[in-house]
Amino acid sequence: MALTRSSTSRLVQFFIFLILYSMVNLNAASIYVSVKGDDNNNGLSSSFPKNTPQLAFDLINAGDTLFFMEGEYSTANGESILKITKSGTFEKWIHIHNY
């Protein structure tokens, strides 16, 4: 089966689209928070998680993921542990997951 110029052009366009689409989240970060973490950590790995959910959330941007590691997140005075102050975009969601 021989490819025509039109089908070759479409195939090239498709691969360019795939490459560009895959690059959309190349700069996405993963931020980790743990009850055993330390807020002096950068939160960029499960080995160095933040301790406070709000401080971890404040680091994320559209396309990033916030991972909550196992534990009970609470405050002594009953205040909220996380106030959602930003959102993602249609193309770049903010993801929040357990880890």
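Not measured: the values here are computed from a predicted model.

(A) Fine view of the sheet that holds strand 3 (residues 95–98). Strand order in the open sheet formed by three strands is 1-2-3, and the pairing between neighbours is parallel. Two strands lie at the open edges of the sheet, namely strand 1 (30–33) and strand 3, each paired on one side alone. Direction aside, neighbouring strands of the sheet carry axes that sit 20° apart on average. Bridge count for strand 2 (residues 65–68) against strand 3 is four bridges, and the pairing is parallel. Looking at strand 3, one finds that Leu66 is bridged to Ile96.

(B) Summary view of the nonpolar core. Listed in full, the twelve residues of the largest apolar core are Ile31, Tyr32, Val33, Ala56, Phe57, Ile60, Leu66, Phe67, Phe68, Met69, Tyr73 and Ile94. For this core, the secondary-structure elements that each account for two or more residues are strand 1, helix 2 (53–57) and strand 2. With residues up to four places along the chain from it excluded, the contact list for Val33 reads Pro49, Lys50, Asn51, Thr52, Pro53, Ala56, Leu66, Phe67, Phe68, Met69 and Tyr73.

(C) Spatial organisation of a nonpolar patch on the surface. A cluster of nonpolar residues, Leu11, Phe14, Phe15 and Phe17, forms a patch on the protein surface that exposes about 410 Å² of accessible area. The topology assignment puts Phe15 in helix 1 (residues 5–23). Looking at Phe15, the relative accessible area reads 45%, which means it is partly exposed.

(D) Region of the structure containing the packing of aromatic side chains. Following the criterion strictly, the structure yields four aromatic pairs and no others. When the ring of Tyr32 is compared with that of Tyr99, the centres are 5.2 Å apart and the planes differ by 80°; the resulting orientation is edge-to-face. With a gap of 67 residues between them, Tyr32 in strand 1 and Tyr99 in the segment after strand 3 connect regions that are remote in the sequence. Tyr99 gets classed as exposed once you look at its relative accessible area, which sits at 53%. On the basis of an interplanar angle of 90° and a centroid distance of 5.2 Å, the ring pair of Phe68 and Tyr73 is categorised as edge-to-face. Taken individually, Phe68 and Tyr73 each receive the classification buried, so the pair is uniform in this respect. Above the ring of Phe57, the side-chain terminus of Lys86 is found at 5.9 Å from the ring centroid.

(E) Representation of the confidence of the model for the protein chain within the structure. Overall, the predicted model of the protein chain reaches an average pLDDT of 87, with 86% of residues at or above 70. Here helix 1 stands out as the least confident element of the protein chain, with mean pLDDT 72; strand 1 is the most confident, with 97.

Analysis parameters
- Residues numbered from 1 in each chain as written.
- Predicted model: local features only at pLDDT ≥ 70, side-chain atom pairs only at ≥ 80, totals over all residues.
- Heavy atoms only, no water.
- Pairing = 2+ DSSP bridges.
- Helix = DSSP H or I, 4+ residues; strand = E, 2+ residues; numbered from the N terminus.
- Axes fitted to C-alpha atoms, helices over the stretch in contact; angles between N-to-C directions.
- Core = buried A, V, L, I, M, F, W, Y, C linked by side-chain atoms within 4.5 Å.
- Buried < 20%, exposed > 50% of the residue type's maximum accessible area, 1.4 Å probe, protein only.
- Contact = heavy atoms within 4.5 Å.
- Patch = residues over 30% accessible without salt bridge, like charges linked within 9 Å, V, L, I, M, F, W, Y side chains within 5 Å.
- Areas by Shrake-Rupley, 256 points an atom, 1.4 Å probe, with all protein chains shown as cover.
- Salt bridge = Lys/Arg side-chain N within 4 Å of Asp/Glu carboxyl O.
- Phe/Tyr/Trp six-rings, centres within 6.5 Å; stacked < 30°, edge-to-face > 60°.
- Lys NZ or Arg CZ within 6 Å of the ring centre and 35° of its normal.
- pLDDT = per-residue confidence, 0-100.

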